[in-house]
Amino acid sequence: MGRRILIVEDNSDIAESLGTFLAMDGHTVRLAQDGAVALETLHSFAPEVVLLDIGLPGMDGYQVARRMRAETSRKDLIIVAMSGYGEEQHRRKSLEAGCDDHLVKPVQPDTLRSFLNRLGTAAKS
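Throughout what follows, the structure given in this document is the object of discussion. (Residues numbered from 1 in each chain as written. Predicted model: local features only at pLDDT ≥ 70, side-chain atom pairs only at ≥ 80, totals over all residues. Heavy atoms only, no water.)

Here the focus is the packing of aromatic side chains. Under the criterion given, the structure shown has zero aromatic pairs. Looking at R4, its charged tip hangs above the ring of F45, at a distance of 4.2 Å from the centre. (Phe/Tyr/Trp six-rings, centres within 6.5 Å; stacked < 30°, edge-to-face > 60°. Lys NZ or Arg CZ within 6 Å of the ring centre and 35° of its normal.)

As structure tokens, then:
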């Protein structure tokens with residue numbers, strides 16, 4: 001069963017290719033290129049999963065994650081940081097900001113598919 005996924009990514013090529021891949025897998029996808037649009041889309045689209053680039057211009061992904069957590073009471077919202085940095089300090093900072101997980105870019109399609117499948121399995125348990 002497809003999920004509602006919000007991709008927050010300022011690189012339009014990355015955002016569109018991820019969106020196309022996820023749509024082909026049966027997910028409903030929306031794109032946002034900055035934090036302000038991501039926060040608007042959080043309320044209008046009500047995603048189940050947010051794939052959140054950390055290196056956004058203006059409001060960075062950490063700030064966006066904190067705002068998302070503050071602006072919604074949804075416990076089922078899954079926020080996944082995406083960053084070119086994957087050291088323990090970066091992962092910890094993502095978790096402290098309210099992200100549920102941290103994927104290192106470039107995120108390979110099979111990695112993303114496996115991650116989303118694990119979410120589905122966890123939800124059924």
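Let us now look at the side chain of T41. Here T41 is to be found in helix 2 (residues 35-45). The exposure class of T41 is buried, given its relative accessible area of 11%. Setting aside its immediate chain neighbours within four residues, T41 contacts L6, R30, A46 and P47. (Helix = DSSP H or I, 4+ residues; strand = E, 2+ residues; numbered from the N terminus. Buried < 20%, exposed > 50% of the residue type's maximum accessible area, 1.4 Å probe, protein only. Contact = heavy atoms within 4.5 Å.)

Enumeration over the complete set of coordinates arrives at eight salt bridges. R74 is the salt-bridge partner of D76, the closest N and O atoms lying 3.1 Å from each other. Residue classification places R74 among the partly exposed residues on the basis of a relative accessible area of 25%. In this structure, D110 and R113 form a salt bridge, with 3.2 Å as the shortest nitrogen-oxygen distance. Of the two residues, D110 and R113 both sit in helix 5 (residues 109-124), three residues apart, roughly one turn of that helix. On the accessibility criterion, R113 (31% relative accessible area) is partly exposed. One network of salt bridges, in which partners are shared, links E9, D53 and K105. (Salt bridge = Lys/Arg side-chain N within 4 Å of Asp/Glu carboxyl O.)

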